[in-house]
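Listed below are the residues making up each chain.
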Amino acid sequence: MRFTRDHRLLFIGDSVTDSGRDREDPTSLGDGYVRMIAEALPSPATVVNKGVNGHRVHDLEARWATDVLALAPSVVTVLIGINDTWRRYDRGLLSPVPEFEASLDRVLTLADERCAARLFVMTPFLLPARPEQETWFEDLTPRTDAVLRTATAHGATVVRTDLELARAAEVYGAGAIAPDGVHPSPLGHRVIARAWLAAAAADGRSPRACEGGSTSSERL
């Protein structure tokens, strides 16, 4: 994809996307992969970070109208799912995969129909840091499959974050990529940013220019 100053790129998800952004400052991009992508873009697109720590897919759906549709983005990138798995194991809060998949389908449908946005979907990931995290895959693997099905159904560009981080962990060690198994280190964020940029470069489609919407996001 080729981006211009008329394009608005919106990233939404949980703490991996949030990455310490200042929610009182709409220009804040955090210190993670969203900022790295913004700094690497060869053109002056607008970049918006709407990640929120701890969110699951139903949280995204609850704020979709204000945090996505109201900004009329040209490109929407979604990274969600690990908290839907994590909360099962630390708090006993269930997020059944069929309900998760239906919720993700609804928000992607709205982004497509209301904004005609190009869609990027990143896969959730886990690099177990503790033995008990190995059991999380019984929940995360079918959830990742649901993410892939939904992304394919919507013609989204898929970024296999899980595979890219696993490859990096083989080289550098899992602890160097995500010390707690979930939250990336600066190196882990660079891996994610590079994966997104590679996917965007390989996608020959042109996003539409943003129309309407209000944002005070950062201009690059």
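Above: the structure in question.
Think of each chain on its own: its residues are numbered from 1, step by step along the sequence as written. For a predicted model such as this one, the threshold for reporting local features is a pLDDT of at least 70, and the threshold for listing and counting side-chain atom pairs is 80 or more; totals across whole chains, interfaces and linings nevertheless cover every residue. To obtain the side-chain values, all non-hydrogen atoms of the structure were included, while hydrogens and water were left out.

Enquirer: What's the story with the packing of aromatic side chains in this structure? I'm lost.
Expert: In this description, an aromatic ring pair is defined by two values, namely the gap between the centres and the angle between the planes. Pairs were defined over the aromatic rings of Phe, Tyr and Trp, the Trp ring being its six-membered one, requiring ring centres within 6.5 Å. Orientation was assigned from the angle between planes: stacked under 30 degrees, edge-to-face over 60, tilted for the rest. Summed over all chains, the structure comprises six aromatic pairs. Between Phe11 and Trp196, the aromatic rings sit 5.4 Å apart at their centres with planes inclined by 55 degrees, giving tilted as the arrangement. Of this pair, Phe11 sits in strand S1 (residues 8–13) while Trp196 sits in helix H9 (residues 186–202), and the two are 185 residues apart along the sequence. Between buried and exposed lies partly exposed: a residue is buried under 20% and exposed over 50% of the maximum accessible area for its type, with that area taken using a 1.4 Å probe on protein chains only. A relative accessible area of 0% places Phe11 in the buried class. Connected via pairs of aromatic rings, a cluster forms that spans Phe3, Phe11, Tyr33, Phe120 and Trp196. Strands here are runs of E lasting at least two residues and helices are runs of H or I lasting at least four, both read from the DSSP assignment and numbered beginning at the N terminus.

Enquirer: What is the right way to read the nonpolar core from this model?
Expert: Here is a general trend for soluble globular proteins: nonpolar side chains tend to be buried in one another's company. Membership of the largest hydrophobic core comes to 34 residues, with the highest contact counts inside it found for Phe3, Leu9, Phe11, Tyr33, Leu41, Phe120 and Trp196. Put simply, the parts of the chain that give this core at least two residues each are S1, helix H2 (33–40), strand S3 (75–79), strand S4 (118–122), helix H7 (161–172) and H9. Sorting elements by how many residues they give to this core places H9 first, with eight residues. Any two residues having at least one pair of non-hydrogen atoms within 4.5 Å are treated as being in contact. Setting aside chain neighbours within four positions, we find Phe11 in contact with Thr17, Tyr33, Val34, Ile37, Val47, Val48, Asn49, Lys50, Gly51, Thr77 and Trp196. Among buried residues, the Ala, Val, Leu, Ile, Met, Phe, Trp, Tyr and Cys ones that are joined through side-chain atoms within 4.5 Å form a nonpolar core. Core analysis: the second largest hydrophobic core is formed by 26 residues, Trp64, Val68, Val76 and Val147 among them.

Enquirer: Please explain H9 as it appears in this structure.
Expert: Working note: α-helix, 3.6 residues per turn, so residues spaced by three or four point in the same direction. By this rule, a helix spans an expected 1.5 Å times one less than how many residues it contains. Taking 1.5 Å per residue, 17 residues should reach 24 Å; H9 reaches 24 Å between its end C-alpha atoms and fits that length. The set of residues buried in H9 consists of Leu187, Gly188, His189, Val191, Ile192, Ala193, Ala195, Trp196, Ala199 and Ala200.

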